[in-house]
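Understanding the architecture of this molecule
Given next are the chains, with one letter for each unit.
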Amino acid sequence: MKIACIGAGYVGGPTMAMIALKCPEIEVVVLDINESRIAAWNSPSLPIYEPGLQEVVEAARGRNLFFSAEVEKHIAEADIIFVSVNTPTKTCGVGAGKAADLTYWEGAARMIAAVSKTSKIIVEKSTVPVKTAEAIEKVLKRNCSDPSVEFDILSNPEFLAEGTAISDLSCPDRVLIGGKDTSRGAKAIEVLASVYAHWIPEERILKTNLWSAELSKLTANAMLAQRISSVNSISALCEATGADIQQVSKSIGTDSRIGPKFLNASVGFGGSCFQKDILNLVYICESVGLKDVANYWESVVTMNDYQKQRFVERIISAMFNTIKRKKIAIYGFAFKKDTGDTRETPAIDVCRGLMADGGDLCIYDPQVSEKQMRLDLAMPKFEWDHPGAKAGPVSDDESVTVVKDPMEAARGAHAVVVLTEWDAFKAVDYQAVYDSMVKPAFIFDGRNILDHEHLRAIGFIVYALGKPLDSFILNGPAN
């Protein structure tokens, strides 16, 4: 058996590496037209950072795991083809700002059809709208010159969390495979299930129809994001009443019907999927006339935007209603710890908000490059997920500095703003940080990871999301 995957990104690369590791008798080839990306996968420095990924790739690469830009050759030879291309949010036309753009998926389907001389199983790995499989099947059938070639479409959505992707792949809660309710569809499901069965118990391999599998992925991300927005909304109420969001979260999280996960208040959710998938779900609901349902899910994104803006306004108001020409140290730019991914990171909107008020930002993140930060701060909304998207440098280069050390970021700063929950930020010498800063020295903890009482004892004025407000902030210009 030979498996090929179109797309060597955050999903395709790690997923195929794990399949190759667990199935040494199967040849696995990861394909991409971006030759520099393929070169990186074949080098000691992988193009993405994920704990444990390097070890998995090195164990299988060259044995039965290969990375190649010869897309058509390997597609023609493959028995199973995973498609893990971008499905970005449309930026223009019908559904702009909500609907998924399937240009790259359709292009992949046309190429598969053009080079296929044998029947193949096509696996949707990208997050796609409901009924995408139906449309892709039409493209495949109408563009294949050999009438004897059959294509069986399966939906096999990924449920990976960046930062824990390798453990998620090696021991998943479930693997979901959706196919047609036909004998051919059932056979195709069993073929793919047999691959995963090399290391995943049978009871964790769920089999559904195509539409249920496609909708399950969107719904899972929407409900996870909903929990974050829900607890973030309560964090605002906690600040207004003197309650403590961490105590509230612990109290409700001990209820077995609710559970403790995704109940940490923060500056907002980010990543490649949550916002994109919710907006896609909103568009689908609108398309079938379910306006009230669409409004319900869109409010999850609205609350996320509110939380980011509220955080920016709290920083500015606490610092005497102006941050013009004040140095602000930014701790963290990735959307979460243990990843270098900045897609839809809340740091983008927070930094833009601070820059708009005249702040001079000095940013430190252990995994994100200066080039990536500057591109993100200049990139128009939704453009990040479009291959070839271009952006110039930030409009005012002098307002953004990127450094390689948290102490350097804080030296001479008026405030430290924590935007990513990197464990390293807990170990920073905050006495030395305080001594190097302009007074009064502020810390705005957007992740609630620091020891706030210790910081106050040092002399910091501390703002933590959803916590009782520091008297300086409570009685100051913010109120």
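My aim in this report is to walk through the structure given alongside it, one point at a time. (Residues numbered from 1 in each chain as written. Predicted model: local features only at pLDDT ≥ 70, side-chain atom pairs only at ≥ 80, totals over all residues. Heavy atoms only, no water.)

**Re the sheet that holds strand S13 (residues 442-445)**
Strand order in this open sheet of six strands is S11-S10-S9-S12-S13-S14, and the pairing throughout is parallel. Only two strands of the sheet have a single neighbouring strand rather than two, namely strand S11 (400-402) and strand S14 (461-464). Strand after strand, the sheet turns through a mean of 20 degrees between neighbouring axes, direction not considered. Strand direction decides the pairing type here: strand S10 (residues 360-364) and S11, joined by three bridges, are parallel. Paired with Ile363 across the bridge in S11 is Val402. Sheet strands touched by helix H12 (residues 291-318): strand S12 (415-418), S13 and S14. Its angle to S13, the strand with the most contacts, is close to 170 degrees. (Pairing = 2+ DSSP bridges. Helix = DSSP H or I, 4+ residues; strand = E, 2+ residues; numbered from the N terminus. Axes fitted to C-alpha atoms, helices over the stretch in contact; angles between N-to-C directions. Contact = heavy atoms within 4.5 Å.)

**Structural notes on the packing of helix H13 (residues 346-356) against helix H14 (residues 370-378)**
It is the contact of H13 with H14, at a shortest axis distance of 10 Å, that shows an interaxial angle of 70 degrees. As summarised for this structure, H13 and H14 are arranged roughly perpendicular, according to the angle between their axes. Counted together, Ile348, Cys351, Arg352 and Met355 of H13 and Asp376, Leu377 and Ala378 of H14 form the full contact between these two elements. In terms of residue class, the contact of H13 with H14 is built from five nonpolar, no polar and two charged. (Parallel < 35°, antiparallel > 145°, perpendicular 65-115°, else oblique. Nonpolar A, V, L, I, M, F, W, Y, C, P; charged D, E, K, R; others polar.)

**Thoughts on the pairing of strand S4 (residues 80-83)**
Where burial is concerned, the two faces of S4 agree: the one with Ile80 and Phe82 and the one with Ile81 and Val83 are both buried. Note that strand S1 (residues 2-6) and S4 share four bridges and pair parallel. When the sheet's bridge partners are listed, Ile6 is paired in S4 with Val83. Pairing of S4 with strand S5 (residues 120-124), which is carried by four bridges, proceeds in the parallel orientation. Pairing of Ile81 across the sheet is with Ile122, part of S5. In this view, the connection linking S4 to its parallel neighbour S5 by way of helix H5 (residues 103-115) has right-handed handedness. (Buried < 20%, exposed > 50% of the residue type's maximum accessible area, 1.4 Å probe, protein only. Right-handed = clockwise from strand over helix to strand, strands pointing away.)

**Some points on the side chain of Gln307**
Topologically, Gln307 is positioned in helix H12. Looking at Gln307, its side chain comes within polar contact range of the main-chain oxygen of Ser266, at 2.9 Å. The residues contacting Gln307, other than those within four sequence positions of it, are Asn232, Ser235, Ser266, Val267, Gly268 and Leu465. (Polar contact = N/O pair within 3.5 Å; in protein donor to acceptor, adjacent residues only side chain to side chain.)

**A word on a nonpolar patch on the surface**
Taken together, the side chains of Val288, Leu290 and Val293 define a hydrophobic patch exposed on the protein surface, amounting to about 240 Å² of accessible area. Mapped onto the elements, Leu290 comes out in the loop between helix H11 (274-287) and H12. You can call Leu290 partly exposed: its relative accessible area is 41%. (Patch = residues over 30% accessible without salt bridge, like charges linked within 9 Å, V, L, I, M, F, W, Y side chains within 5 Å. Areas by Shrake-Rupley, 256 points an atom, 1.4 Å probe, with all protein chains shown as cover. Salt bridge = Lys/Arg side-chain N within 4 Å of Asp/Glu carboxyl O.)

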